[in-house]
Amino acid sequence: MGEWEYKTIKFFAQGTFGAGKINEIELEDVLNEAGARGWELVTILPGTRANGEVWDFVAVLKREVIS
């Protein structure tokens, strides 16, 4: 069974008061760069404020540790 390492990348929502939109081009570029280095996207989680507004997103990536 393989061993994994994990990485997180935070993206901040854009728009008035963090309207919950992310820059899709920036997201794609960052994920493609990470993918070229062997990282695989596991999930993207929204971060919310107490009032429910989406403030940021955290991408969780993994890659197998090769000894």
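These numbers were taken from a predicted model, which means no experiment stands behind them.

Caption draft 1: Summary view of the overall build of the chain. Summing up its helical and strand segments, the chain has one helix and three strands in all. Mapped in sequence order, the helices and strands of the chain form the string β-α-β-β. Of all intrachain contacts in the chain linking residues separated by at least 6 positions in sequence, the fraction that spans at least 24 positions is 55%. When the accessible surface of the chain is summed, it comes to about 5,100 Å², and 52% of that surface belongs to carbon and sulfur atoms.

Caption draft 2: Structural context of the nonpolar core. Ile 9, Phe 11, Ala 13, Leu 27, Leu 31, Ala 34, Trp 39, Phe 57, Ala 59 and Leu 61 together form the largest nonpolar core, which totals ten residues. For this core, the elements supplying multiple residues, two or more each, are strand S1 (4-12), helix H1 (24-36) and strand S3 (54-64).

Caption draft 3: Quick look at the environment of Leu 31. On the secondary structure map, Leu 31 appears in helix H1. When residues no more than four places from it in sequence are discounted, the contact partners of Leu 31 are Leu 41, Ala 59 and Leu 61.

Caption draft 4: The arrangement of the pattern of salt bridges in detail. Counting across every chain of the model gives three salt bridges. Residue Glu 5 is joined to Arg 63 by a salt bridge in which the shortest nitrogen-to-oxygen separation is 2.8 Å. Of this pair, Glu 5 sits in strand S1 while Arg 63 sits in strand S3, placing them 58 residues apart in sequence. For Glu 5, a relative accessible area of 31% translates into the label partly exposed. The closest approach of N and O atoms between Arg 37 and Glu 33, which form a salt bridge, is 3.2 Å.

Caption draft 5: Here's a closer look at a negative patch on the surface. A surface patch of negative charge is lined by Glu 24, Glu 26, Glu 28 and Asp 29. Mapped onto the elements of the fold, Glu 24 is located in helix H1. For Glu 24, a relative accessible area of 62% gives the class exposed.

Caption draft 6: Geometry of the packing of aromatic side chains. Under the counting rule described, the total for this entry stands at zero aromatic pairs. The ring of Trp 4 is capped by Lys 62, whose NZ or CZ atom sits 4.1 Å from the centre of that ring.

Caption draft 7: How the structure looks around a nonpolar patch on the surface. A contiguous nonpolar surface patch, about 330 Å² in accessible area, is contributed by Trp 4, Tyr 6 and Val 42. Within the secondary structure layout, Trp 4 lies in strand S1. Of the residues examined, Trp 4 reaches a relative accessible area of 38% and is grouped as partly exposed.

What counts as what
- Residues numbered from 1 in each chain as written.
- Predicted model: local features only at pLDDT ≥ 70, side-chain atom pairs only at ≥ 80, totals over all residues.
- Heavy atoms only, no water.
- Helix = DSSP H or I, 4+ residues; strand = E, 2+ residues; numbered from the N terminus.
- Contact = heavy atoms within 4.5 Å.
- Areas by Shrake-Rupley, 256 points an atom, 1.4 Å probe, with all protein chains shown as cover.
- Core = buried A, V, L, I, M, F, W, Y, C linked by side-chain atoms within 4.5 Å.
- Buried < 20%, exposed > 50% of the residue type's maximum accessible area, 1.4 Å probe, protein only.
- Salt bridge = Lys/Arg side-chain N within 4 Å of Asp/Glu carboxyl O.
- Patch = residues over 30% accessible without salt bridge, like charges linked within 9 Å, V, L, I, M, F, W, Y side chains within 5 Å.
- Lys, Arg positive; Asp, Glu negative; His and termini not counted.
- Charge placed at Lys NZ, Arg CZ, Asp CG, Glu CD.
- Phe/Tyr/Trp six-rings, centres within 6.5 Å; stacked < 30°, edge-to-face > 60°.
- Lys NZ or Arg CZ within 6 Å of the ring centre and 35° of its normal.

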